[in-house]
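Inside the fold
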Amino acid sequence: MSAGTYTPQPGAAPLSRMIAAQTVFETKMLLRNGEQLLLTVIIPSLLLVLFSAVDIVDTGAGRPVDFLAPGILALAVMSTAFTGQAIATGFERRYGVLKRLGASPLPRWALMTSKTLSVIVTEVLQIVLLTVIALLLGWSPHGNPFAVLLLLVIGTAAFSGLGLLMAGTLKAEATLAAANLVFLLLLVGGGVIVPMDKFPGGVRSVLELLPVSALSDGLRDVLQHGASMPWGDLGILAVWAVLGLGAAARFFRWE
C-alpha cells in the first residue's frame, strides 16, 4: 500500500461540477416553489387554453391559437427569466443566501451562470408543454427554427438582465410587488394576448419597444407568417439584453 492512500485532499470541486450541481439545485428550488410554478406554468397554460377556446379578444383572421401561441411562449420566457428570477433572487439576497454563496468556492459569476442555466432548463420544459397544448388546440407553426431559437435566447438574456437588476437593487418586498405588477402590465400591453393594432398609434409606438412586445411579435412573424428573421424585433431584444445585463453587473448588490 503506497503512502498517502488515506491522506485527505481538501479542495474545491472542478468548476464545471460546481456549476452543474448549483444548476440542479436552482432548478429544483424553482420547480418546488408553488408560487413560481403557478406563474411560470399554470397561468400561461390556462391563458392559452382559455383565449383559444373562447372568443374574448379579436385576434384577426385565422384561428386564435395561431396568434396566441407565440405570444404565450414570450410570456413564458418573461415569467421565468424576469418575474420568477427577480423574486427568487431578491429574497435570497434579503436572507443572506447570496452573501454566503458568494463566499463559497463557487465564483459569483459561476453562481449567476447557474441561475441562468436553471432558467433555460425551466424554459425548455415550459416551451415543450405549451407547444403540446397549442398543437392539441390546432396550432400549425411554420418558419425558420433557428430564428425562433435566436429570439428565445436573446429574449431570455434581456429578461434575465432586467430581473437581476431589479433583484439586486430593490428590497425583496419591493421586488415582489414590482415584478408581479410589471408581469400584469406587460401581459395586457405587450402584444401577448391583445394585438398591438388595438392600441392608439402613439401608445403602440412606445409599447412596440418593450422586450415582451419584440419577442412576441418576432415569434409571431416567424411562426405565424413565416418570416425568415425579424431583424427589427431581434435588434430591440439585443439592446435590452446589453442594457439589462450591463446594468445588473454594474449595480447588483450582494447584501
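Residues numbered from 1 in each chain as written. Predicted model: local features only at pLDDT ≥ 70, side-chain atom pairs only at ≥ 80, totals over all residues. Heavy atoms only, no water.

For the pair helix α6 (residues 145-169) and helix α9 (residues 211-223), interaxial distance at closest approach is 10 Å and the crossing angle is 170°. Taken together, α6 and α9 sit at an angle that is classed as roughly antiparallel. Residue-level contacts link Ala147, Val148, Leu151, Leu152, Gly155, Phe159 and Leu162 of α6 to Pro211, Val212, Leu215, Gly218, Leu219, Val222 and Leu223 of α9. For the contact of α6 with α9, the class distribution of residues is 12 nonpolar, 2 polar and no charged. (Axes fitted to C-alpha atoms, helices over the stretch in contact; angles between N-to-C directions. Helix = DSSP H or I, 4+ residues; strand = E, 2+ residues; numbered from the N terminus. Parallel < 35°, antiparallel > 145°, perpendicular 65-115°, else oblique. Contact = heavy atoms within 4.5 Å. Nonpolar A, V, L, I, M, F, W, Y, C, P; charged D, E, K, R; others polar.)

This next bit is on helix α3 (residues 64-94). Along an α-helix, residues three or four apart share an orientation, since each turn contains 3.6 residues. The end-to-end C-alpha separation of α3 is 43 Å, in line with the 45 Å expected for 31 residues at 1.5 Å each. Within α3, 27 of the 31 residues are buried, which leaves it mostly tucked inside the rest of the structure. Phi turns positive, to about 85°, at Gly96, one or two residues after α3. (Expected span 1.5 Å × (residues − 1). Buried < 20%, exposed > 50% of the residue type's maximum accessible area, 1.4 Å probe, protein only.)

Bringing the nonpolar core into the picture now. With 46 residues, the main nonpolar core has Leu48, Leu75, Met78, Phe159, Leu215 and Leu219 as its most contacted residues. For this core, the secondary-structure elements that each account for two or more residues are α2 (34-53), α3, α5 (108-136), α6, α7 (172-189), α9 and α10 (231-251). Considering each element in turn, this core owes the most residues, 15 residues, to α3. Each residue touching Leu48, except ones within four places of it in the same chain, is listed here: Val65, Leu68, Ala69, Ile72, Leu130, Ile133, Ala134 and Leu137. (Core = buried A, V, L, I, M, F, W, Y, C linked by side-chain atoms within 4.5 Å.)

This part takes up the environment of Trp139. Summarising the element assignment, Trp139 is placed in the loop between α5 and α6. Take Trp139: its relative accessible area is 6%, and that puts it in the buried class. Considering only alpha carbons, one finds Trp139 and Arg63, 76 residues apart in sequence, at a separation of 8.1 Å. What Trp139 contacts, discounting residues up to four positions off in sequence, is Val65, Asp66, Ala69, Leu73, Thr131, Ala134 and Leu223.

Think of a pair of aromatic rings as described by two things: how far the centres are apart, and how the planes are tilted against each other in angle. Scanning the model with the defined rule gives 2 aromatic pairs in all. Note on Phe252 and Trp254: the rings are 5.4 Å apart at their centroids and 70° apart in plane angle, and the pair reads as edge-to-face. Under the relative-accessibility criterion, Phe252 is labelled buried at 13%. Seen from the ring of Phe67, Arg220 lies directly overhead, with NZ or CZ sitting 3.8 Å from the centre. (Phe/Tyr/Trp six-rings, centres within 6.5 Å; stacked < 30°, edge-to-face > 60°. Lys NZ or Arg CZ within 6 Å of the ring centre and 35° of its normal.)

Before going further, it helps to spend a moment on the environment of Gln36. Inspection of the secondary structure assignment puts Gln36 in helix α2. Residues Gln36 and Arg63, 27 residues apart in the sequence, show an inter-C-alpha distance of 30 Å. In contact with Gln36, not counting residues within four places along its chain, are Leu30, Gly84 and Ile87.

This brings us to α10. In this model, α10 (21 residues) spans 30 Å end to end at C-alpha, consistent with the 30 Å of a helix rising 1.5 Å per residue. Residues of α10 that are buried include every one of Asp233, Leu234, Leu237, Ala241, Gly244, Ala247 and Ala248, and no others. Those residues of α10 hidden inside the fold are in contact with α6 and α9.

Structurally, the position occupied by Ser45 is in helix α2. Not counting chain neighbours up to four residues away, the residues in contact with Ser45 comprise Leu129, Leu130 and Ile133.

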